[in-house]
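What the coordinates show
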Amino acid sequence: MKKVLKSLVVITSVLTMGACSADSKEKTTTSTKSSEKTEVSSGASEQTYTNPAEMKDSYDIIIVGAGGAGMTAAIEAKDAGLNPVIFEKMPVAGGNTLKSSSGMNASATKFQQADGINDSNEAFYEETLKGGGGTNDQELLHYFVDHSAAAIDWLDQNGIKLDNLTITGGMSEKRTHRPSDGSAIGGYLVDGLLKNVHERKIPIFVNTDVTDIKENSGKVNEVTVQVQGEEPKEIKGNAIVVTTGGYGANQEVIEKYRLDLAGYVTTNQVGSTGDGITMIEKLGGQTVDMDKIQIHPTVQQDEGVLIGEAVRGEGAILVNQEGQRFVNELDTRDKVSAAITALPEKSAYLIFDQGVRDRAKAIDFYEQKGYVTSGDDLAELAEKVNVPADNLAQTLEFWNKAVDTQKDDAFNRTTAVDNGLTEPKYYAIKIAPGIHYTMGGVKINTKTEVLNKENQPITGLYAAGEVTGGLHGNNRIGGNSVAEIIIFGRQAGQQAAKFVSEN
C-alpha cells in the first residue's frame, strides 16, 4: 500500500517589534516576532528574532540552521568570548528539534543516580552499537556516550532540566531524560535554548536562507544569504558551523537513495531538505550512509505526526486488526516497523490505559489533535476501533500476566513492563510507519570538523546534528537524536571558537 507524502506546514505570522539586542555592545534593536503552531508544545509559542536591518557584514562564527544543534553551538561560542550569528531559512527557530517527543538519552547521569538507576557509558555504547547493526562510527559513538552526562548537566546549568526518566526501544535502562512533568521534550528544549540565545544577545535571523558556503584562500569563511524579499548578500565568518538538519522532507533525495520509500509520509518539518549537505558536497565534503533512512513505526498517517516512543516506554502495546499483539513493541525501530508493514493492513493500534495516559504527557497533544480514541472499558474501545472485543480483552489479560510475572512469553519484551494495562479509561491511536530520520550526512571527526574525501578536515568548516552521518549506523535508537544535537552542538561551538581564537 503506497502512502501519500505529506508534510506539516508550519503556520507563522511575522511582526516587527522592538525587543532583543543584536550585539552585546548595543543596548536595543528591532526584532522579528513569529507565532507558530507546533506539533508538540510545552512552552511559549511566541519566538523573538533579530531584525534583518541589523545584519552585519561579518561575524566571528556563522551558524547555519537554528535547530537544537545550531543554538547549542551558538551558546558555547558566545560563552567562549566570541560573537556568533545564527541564520535560519524557516520563519521560526527549532527545526526538527521542535517535533522531538520522547526525550534525550544519556548514561550515568546525576538524575539516574538519584532514581537508583545503575547505568554505564559502556552499556549505552554497546546497546547503541547493537541497535545500529554494528555499523556506527565507533569514534563518534565513544565521544557521544562519554559526553552524554555532561550534556545533561550543561542543560541543567542553563535552566533546562531533564530529570524525568523513561525508556526507548533497544535500551535496557531508563536513560531517556524528559522535562520534569514528563511532557514532550521538543518545545521545552527549543524554548530553553532560545531563551539562552537571547540572554547572551546572540543575533538570530529567520527567513534568511544560506544558499552557498564559500572557501577563500584555503579556508571556509563566507556565506551567501538570501533574506526574504531582499537581494542576496555575502557575509564573512572566521568559521562556519552547519547545523541544517537532514533530508527527510525531500522526496527527491529520499527516492534517489531509497526508491522503496517513495510515497511514505514523513514526520519531518518542511525545511528538512538536505541543503547543508548539498553545499558541503560542493566544497568537497564527504558523505556517508546516505541510504540509511529510518522509518519510525508509530506515525499518525493523516498529518504525518510521530507518536513518540515514550508512549510505549510507559507501557503501551501494539495490536493488529484482530486485537492481538504481533511484535516486541520496544524492539529497535526498524524491526517494529517491518512487523507493522508485514500486516495485511500495514497499520496497527497503540493500546494503553489511563495510567500510561497520565505518565506520558505528550498524549495531551495527540488527544487535542483528535488522534486518540477512548472507551470507558475495553469493550467500548474495541467497538470504536473495530477490533474483536474478546481478542482485545484476552490480549490485555496475557499482557498483564506478563507484567505480573515479568516474563513476556509471547515476544520476550523485557523493557517497560513495570505497569499493567488495568486502569480505565482505555485508549487507542491508529499508526503506521513513516519516514522519520536520515542517518546519512556529511562525515565529521570527533572535533566536528567536516572531512573531505581524503578524510582530511576542511579548514574552518564544522557540522553537527542530523546534517552529519555515521553516528547511528543502520538504525537510530530513540532518544539519541536529541542527545546528538546537544553533545555535538556543544563540541562544534567550542571547536569553532578555539579555531577562530588561534587563527
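Quick caveat: nothing in here was measured; it's all calculated off a predicted structure. (Residues numbered from 1 in each chain as written. Predicted model: local features only at pLDDT ≥ 70, side-chain atom pairs only at ≥ 80, totals over all residues. Heavy atoms only, no water.)

**Some words on the domain arrangement of the chain**
Keep this limit in mind: Source of the domain bounds: an automatic or database domain assignment. A simple way to read buried area is as the amount of 1.4 Å-probe accessible surface that goes missing from two parts once joined, with both sides added. By salt bridge we mean one thing: a side-chain nitrogen of Lys or Arg within 4 Å of a carboxyl oxygen of Asp or Glu. In protein, a polar contact means a hydrogen-donor-capable atom and an acceptor-capable atom, both N or O and within 3.5 Å, with residues adjacent in sequence counting only if both atoms are side-chain atoms; elsewhere, any N or O pair within 3.5 Å suffices.
Looking at the assigned domains, one finds that the chain contains domain 1 (52-292 + 439-502) and domain 2 (295-434). On a C-alpha basis, the centroid separation for the pair domain 1 and domain 2 is 31 Å. Regarding the contact of domain 1 and domain 2, the summed buried area is about 1,900 Å², with carbon and sulfur atoms giving 56% of it. Counting across the domain 1 and domain 2 interface gives two salt bridges. Here Glu314 makes a salt bridge to Arg178, at a shortest N to O gap of 2.9 Å. At the surface where domain 1 touches domain 2, the tally comes to eight residue pairs in polar contact (both at pLDDT 80 or more).

**What about the pairing of strand E12 (residues 233-242)?**
Formally: DSSP-based pairing: two strands are paired if at least 2 bridges between them are found. Helix numbering and strand numbering both begin at the N terminus, where a helix is a DSSP run of H or I of at least 4 residues and a strand a DSSP run of E of at least 2.
Pairing geometry for strand E4 (residues 58-64) and E12, over six bridges, is parallel. Directly across from Ile62, in E12, lies its bridge partner Ile240. Here strand E11 (residues 219-227) runs beside E12; their pairing, made up of four bridges, is antiparallel. In the sheet register, Thr224 faces E12, and the bridge partner there is Glu234. Here E11 folds back onto E12 in antiparallel fashion, the turn holding five residues, of which Gly229 has a positive phi close to 85 degrees. Relative to strand E22 (residues 457-463), E12 runs parallel, the two being bridged by three bridges. Residue Ile240 lies in a different strand from E22, and its bridge partner there is Leu461.

**So, the pattern of salt bridges**
The condition that has to hold: Exposed residues in this analysis have more than 50% of their type's maximum accessible area, buried residues have under 20%, and partly exposed residues fall in between, with area computed by a 1.4 Å probe over protein chains only.
Across all of its chains, the model carries 27 salt bridges by this definition. Where Lys369 meets Glu303, a salt bridge forms, and the shortest distance between an N and an O atom there is 3.6 Å. Residue Lys369 is located in the loop between helix H12 (363-368) and strand E18 (372-375), and its partner Glu303 is located in the loop between strand E14 (293-300) and strand E15 (305-306); the two are separated by 66 residues in the primary sequence. Of the residues examined, Lys369 reaches a relative accessible area of 36% and is grouped as partly exposed. A salt bridge links Glu314 to Arg359, with the nearest nitrogen and oxygen atoms 3.1 Å apart. A residue pair is termed long-range when its members are at least 10 positions apart, and Glu314 in the loop between helix H9 (310-313) and strand E16 (317-319) and Arg359 in helix H11 (residues 354-359) qualify at 45 residues.

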